[in-house]
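# Survey of secondary and tertiary structure
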Amino acid sequence: MSSPTRRTAIKTAAFAALGLTARAQNPARQLETDKTLIAPVSAATGLFRVKNGHIKQSVVPWCFNPMPPDELVHHGADLGLASVELIDPKYWPLIKELGMTIAIAGSHGFAKGFAHREEWAECHAKLRERIEQCAAAGVERVITFSGFRRGLSDEEGTANMIAGLKEILPFAEEKKVTLCIEMLNSRVNFTMKGHPDYFCDSMERTVDICRQIGSPRCKVLFDIYHVQIMHGDVISRIHQDKDYIAHVHTAGVPGRNEIDDTQELHYPALMHALLDIGYTGFVGQEFIPAREDKVASLADGVRICDV
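These lines cover the structure that appears in this document, whether it is placed above or below. (Residues numbered from 1 in each chain as written. Predicted model: local features only at pLDDT ≥ 70, side-chain atom pairs only at ≥ 80, totals over all residues. Heavy atoms only, no water.)

As a further point, take unusual backbone geometry. Along the chain, asparagine 65 connects to proline 66 via a cis peptide bond; the corresponding omega equals 10 degrees. Mapped onto the secondary structure, proline 66 falls in the loop between strand E1 (56-59) and helix H4 (69-78). Cis peptide bonds are those with omega within 30 degrees of zero, and the linkage from valine 253 to proline 254 qualifies with 0 degrees. For proline 254, the position within the fold is in the loop between strand E5 (245-250) and helix H11 (267-276). In the Ramachandran plot, leucine 86 falls in the positive-phi region, its phi being about 45 degrees despite a non-glycine side chain. In this structure, leucine 86 sits in the loop between H4 and helix H5 (92-97). What makes leucine 86 partly exposed here is its relative accessible area of 23%. (Helix = DSSP H or I, 4+ residues; strand = E, 2+ residues; numbered from the N terminus. Buried < 20%, exposed > 50% of the residue type's maximum accessible area, 1.4 Å probe, protein only.)

Read from one edge of the open sheet, six strands run E1-E6-E5-E4-E3-E2, paired in parallel fashion. Each edge of the open sheet carries a strand with a single partner, namely E1 and strand E2 (141-144). Here the strands of the sheet are splayed against their neighbours by 30 degrees on average, with no regard to which way each runs. Here strand E4 (residues 218-223) pairs with E5 via four bridges, running parallel. Looking at the pairing, leucine 221 lines up with histidine 247 of E5. (Pairing = 2+ DSSP bridges. Axes fitted to C-alpha atoms, helices over the stretch in contact; angles between N-to-C directions.)

Let's shift gears to the pairing of E4. Of all the six residues making up E4, five are buried; the element is thus mostly covered by neighbouring parts of the structure. Pairing geometry for strand E3 (residues 178-182) and E4, over four bridges, is parallel. Following the sheet pairing, glutamate 182 is matched in E4 by leucine 221. Note on the crossover from E3 through helix H8 (residues 203-213) to E4: the handedness is right-handed. (Right-handed = clockwise from strand over helix to strand, strands pointing away.)

The structure is reproduced here in structure tokens:
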């Protein structure tokens, strides 16, 4: 069933289930808005909708390609998500209209970053533009990357990262936007599942860069999938790095697919670990659905993390 048909059927079922006979009695009466029908919508199809909300959940659109981003935004609202993230700013007004926020904004992409000085100018320009947009729209975080090693030693790459980020951080601090350095795995050689030769492929290195910079506006995007592949021991690392975690991503290991019992991580325990450290940020669902019904996969991931 196509998504527009799914939503139409959902609304029809919800309408009947609620017993809204007043409309039949008064043909002039309009149907309730989509936003008002969100709660019965999910119930009518059997798809899970956020109940507890202790973990603020978000979703990343690229994983759901070729689904149009605006369609995913509506599905996110139907499931009770708090955010849709890493999405083109042209969709920000729609997200807010549906009662959600943007947990973290995109920027210059992972192919270039601060490990190489010759890439600073491009990264600075993109970050400055996005920080301005974030400040105007009330978006509190923006992603940033190290880029690839390409022969750099740990010492040189780290020094470059610190110096390059320090140049843009005063602007981020002024605008009250937090830069989040994402650690990515360098072990998996498969498109968008791993990034061989990526410089910040270590939580220790990434956190140390933040520690040496010493700004509350420079922290880490803790991607559970990448941390598991490079290190394991994820719950201990959540506790160890708690002061530097500004955002969290999900995905199943191995494969970067659903976060259910087909993989080696137990996400409810990981969500409880985040609550144990007092984490109040967002958890972005960034798994690539392997099942045909991508919305059902997303709903299941939301259920698993709604501890």
